Amino acid sequence: KLSRRYKELYGKSLDELMKNEFKGDFKFAMTCLAMPLDDAECYMIKKATDGIGANARVVYSILCGRTNDEINRIKKNYYKLYTKDLGKL
């Protein structure tokens, strides 16, 4: 709710502001906190699968224990944000 309201009030996204203001791990944490939950989970999966190799612990911690409907929602949101199929990573 906070990120949507910030965009309504100031015309720019809160997560972009966090990316510009901070560095390192704190930047990553603040960026995730500034996003809606679904977007933050997709962002974490994207960062965990970027580059050579993947951080399987992050992906497992997000996806394990989810229902099929929740996983499908994450897959749809991931595709909407990054135009890549999460099932083919």
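Residues numbered from 1 in each chain as written. Predicted model: local features only at pLDDT ≥ 70, side-chain atom pairs only at ≥ 80, totals over all residues. Heavy atoms only, no water.

Turning next to the pattern of salt bridges. Summed over the entire model, instances satisfying the criterion amount to five salt bridges. Arg66 is the salt-bridge partner of Glu41, the closest N and O atoms lying 2.5 Å from each other. A residue pair is termed long-range when its members are at least 10 positions apart, and Glu41 in helix α4 (residues 37-49) and Arg66 in the loop between α5 (56-63) and α6 (68-82) qualify at 25 residues. Overall, the relative accessible area of 8% leaves Glu41 in the buried class. (Salt bridge = Lys/Arg side-chain N within 4 Å of Asp/Glu carboxyl O. Helix = DSSP H or I, 4+ residues; strand = E, 2+ residues; numbered from the N terminus. Buried < 20%, exposed > 50% of the residue type's maximum accessible area, 1.4 Å probe, protein only.)

So, about the packing of helix α2 (residues 14-21) against helix α3 (residues 24-34). Running from N to C, α2 and α3 cross one another at 170 degrees; their axes reach a closest spacing of 8 Å. Comparing the axis directions of α2 and α3 gives the class roughly antiparallel. Residues Leu14, Asp15, Met18 and Lys19 of α2 pack against Lys27, Met30, Thr31 and Ala34 of α3. Looking at the contact of α2 with α3, its residues break down into four nonpolar, one polar and three charged. (Axes fitted to C-alpha atoms, helices over the stretch in contact; angles between N-to-C directions. Parallel < 35°, antiparallel > 145°, perpendicular 65-115°, else oblique. Contact = heavy atoms within 4.5 Å. Nonpolar A, V, L, I, M, F, W, Y, C, P; charged D, E, K, R; others polar.)

Residues other than glycine seldom take positive phi values, yet Thr83 does so here, at roughly 50 degrees. Tracing the sequence through the fold places Thr83 in the segment after α6.

The next thing to look at is the environment of Ala56. For Ala56, the location among the structural elements is in helix α5. Each C-alpha atom of the pair Ala56 and Ile45 lies 9.3 Å from the other, and the pair is eleven residues apart in sequence.

Our focus in this paragraph is the environment of Gly87. Tracing the backbone through its elements, the reader meets Gly87 in the segment after α6. Take Gly87: its relative accessible area is 60%, and that puts it in the exposed class. For the pair Gly87 and Lys75, spaced twelve residues apart in sequence, the C-alpha to C-alpha distance is 7.5 Å.

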